[in-house]
Amino acid sequence: MNLDRLGQFLEHKSLVFGIAYRMTGSVSDAEDIVQESFLRWERSVTENIRSPKAFLSTIATRLSLDTLRKVKNKRETYIGPWLPEPIPTGPETEEPDPETLDLAFLHLLEKLNPIERAVFILRESFDLDYKVISEAVGKTQENCRQTLKRAKDALKSGKKKFSPDKETRRKLLHSFLLASSKGEPELLLPFLKEEIVLWSDGGGKVHAARIPLFGKERIASFLIRTAKNPIFSNTELFFTETNGSESIIVYHKDKPVYLRSFLMDENGISYIYTMLNDDKFSAYKNKTNLIERGILIPLEFFLLFPKSASTNRQPPVWTKPLLKLVHWAITRKK
């Protein structure tokens, strides 16, 4: 193995994964594409490659387009809404364009055809030259420019205009969760936008809403009602950050079974994404590792000491009795 070539691949590995994940919305597919890209990089040792970045971007894009063609029928017959697979983010995450990583935007990208999606991602997320994009999608540079314009027009109405800073978002979620624990739908209304939308993905494997829910009154009632779900019995609850957004994830016997992500703007919570399909928790399977990295923070610790939870990550030993009491309070049937 040529160590220089290995170093070049590793330098661009996050780029390959970033393209593949944004294109497919799947962690497992993106990881497969990274592996196949490495094999093709290895086989290209005799080629005169001027730009490893351009070469690997092209490979990642073509493999992603192939993957989308293969899964087309599966997604068309998917039971209920199909949502992108969530991935953990946090202080150690370095993203060239965090906006195109959030679940709402990845979901919005489903409006584009595969070529439009590829051109948009390569240009807007990774600022690649049109020459590279042209080679990757097999279209002329002028055609790529026109494709990008169409994609931007299609996405314009759905792009978020403003996102509060992380501290503001965490304060809002903290207050929202405390209100939720009281079991009264009307207490949630001040935190929800009028045009809020809630999406759920159960994949036909578990019970989940098969259509999006609209309107804050309806969603508030739904949230309080589903908080009594037996899925929360004998579980561990964690605060985490998913695709750049504040989220709650539930583990049962060390396996992730439920994730709810909250997307906010300056006026409150605008989207809620709920994942129940256990096929889409591959990035969250290693609970111990995620706790050690500070990705998962006990929800009880976040509720009791929100500021400390953002810096210490692990609750001090003396807080354990308090945490048990809070856990009982938020998981009991009201």
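The rules we used
- Every chain begins its residue count from 1, and numbering advances along the sequence as written.
- Local features in this predicted model are restricted to residues of pLDDT 70 or higher, and side-chain atom pairs are both shown and tallied only at a pLDDT of 80 or more, whereas totals for entire chains, interfaces and linings draw on every residue.
- Values shown for side chains rest on all heavy atoms present in the structure; no hydrogens or waters enter the calculation.
- UniProt positions are given in the numbering used here, feature names are shortened, and annotations may be inferred rather than shown by experiment.
- Put simply, DSSP marks the helices as runs of H or I at least four residues long and the strands as runs of E at least two long, and each gets a number from the N terminus on.
- Take a side-chain nitrogen of Lys or Arg and a carboxyl oxygen of Asp or Glu: if they are within 4 Å of each other, that pair is a salt bridge.
- Note on classification: 1.4 Å probe, protein chains only; a residue is buried when its accessible area is under 20% of the maximum for its type, exposed when over 50%, partly exposed between these limits.
- Residue ranges assigned to the domains are those given by an automatic or database domain assignment.
- A residue counts toward a patch only above 30% relative accessible area and without a salt bridge, and it is joined to like-charged neighbours within 9 Å or, for Val, Leu, Ile, Met, Phe, Trp and Tyr, to nonpolar neighbours within 5 Å.
- What sets the accessible areas is the Shrake-Rupley method with a 1.4 Å probe; for residues, cover comes only from the shown protein chains.
- Pairing between strands is defined by DSSP: at least two bridges between the two strands are required.
- We call a set of buried Ala, Val, Leu, Ile, Met, Phe, Trp, Tyr and Cys residues a nonpolar core when their side-chain atoms join them within 4.5 Å.
- Whether two residues are in contact is decided by their heavy atoms, any of which lying within 4.5 Å being enough.
- Angles run from 0 to 180 degrees between N-to-C directions of axes, and those axes are lines fitted to C-alpha atoms, restricted for helices to the stretch in contact.

If you look the chain up in an unreviewed UniProt entry, it shows as RNA polymerase subunit sigma from Leptospira tipperaryensis.

Caption draft 1: View of the UniProt feature "domain: RNA polymerase sigma-70 region" (unreviewed entry) in the chain. Under the local residue numbering, the UniProt record ascribes the feature "domain: RNA polymerase sigma-70 region" (unreviewed entry) to residues 11-71. Structurally, residues 11-71 comprises 84% helix and 0% strand, and the distance from its first C-alpha atom to its last is 29 Å.

Caption draft 2: How the structure looks around the pattern of salt bridges. This structure, assessed with the given rule, holds 21 salt bridges. For the salt bridge of Glu110 with Arg75, the shortest nitrogen-to-oxygen distance reads 3.7 Å. Linking Glu110 in the loop between helix H4 (103-108) and helix H5 (114-125) with Arg75 in helix H3 (residues 52-76), this pair joins segments that are 35 residues apart in sequence. Between Glu116 and Arg150 there is a salt bridge whose closest N-O contact spans 3.7 Å. Placement of Glu116 in helix H5 and of Arg150 in helix H7 (residues 141-155) is noted, with a sequence separation of 34 residues between them. For Glu116, a relative accessible area of 13% corresponds to the buried category. Overlapping salt bridges, with partners in common, bring together Lys166, Arg169, Arg170, Glu241 and Glu246 in one network.

Caption draft 3: Seen up close, the domain arrangement of the chain. Each domain of the chain was delimited in the assignment, giving domain 1 (3-77 + 111-156) and domain 2 (166-332). Taken over C-alpha atoms, the centre of domain 1 sits 33 Å from the centre of domain 2.

Caption draft 4: Quick look at a nonpolar patch on the surface. On the surface, Leu304, Trp318 and Leu322 cluster together into a nonpolar patch covering about 310 Å² of accessible area. Looking at the element boundaries, Leu322 is found in helix H13 (residues 320-331).

Caption draft 5: Layout of the pairing of strand S1 (residues 192-201). Among the 10 residues of S1, 8 are classified as buried, and the element is accordingly described as predominantly covered. Where S1 and strand S6 (residues 268-275) come together, 6 bridges link them in parallel fashion. Note that in S6 the partner of Leu192 across the bridge is Ile269. In the sheet, S1 pairs with strand S2 (residues 213-214) via 2 bridges, with the strands oriented antiparallel. Bridging from a neighbouring strand, Val197 pairs with Phe214 of S2.

Caption draft 6: Molecular detail of the nonpolar core. Counting residues in each nonpolar core, the largest one holds 43 residues, and the members touching the most others are Ile19, Tyr21, Met23, Leu109, Phe120, Ile133 and Leu155. Of all the elements in the fold, those that place two or more residues in this core are helix H1 (3-24), helix H2 (27-43), H3, H4, H5, helix H6 (130-137) and H7. Looking at this core element by element, the count peaks at 8 residues for H3. The contacts of Phe120, once residues within four sequence positions are left out, are Thr100, Phe105, Leu109, Leu112, Ser125, Leu148, Ala151, Lys152 and Leu155. One finds Leu223, Leu276, Leu303 and Ala309 within the second-largest nonpolar core, a separate group that totals 35 residues.

Caption draft 7: Summary view of the sheet that holds strand S4 (residues 245-252). Spatially, S2-S1-S6-S5-S4-S3-S7 is the arrangement adopted by the 7 strands of the open sheet, whose pairing is mixed. On the outer flanks of this sheet lie S2 and strand S7 (297-298), each paired with one strand and no other. Sheet contacts for helix H9 (residues 216-226): S1, S2, strand S5 (255-265) and S6; angle to S1, the most-contacted strand, approximately 45 degrees.

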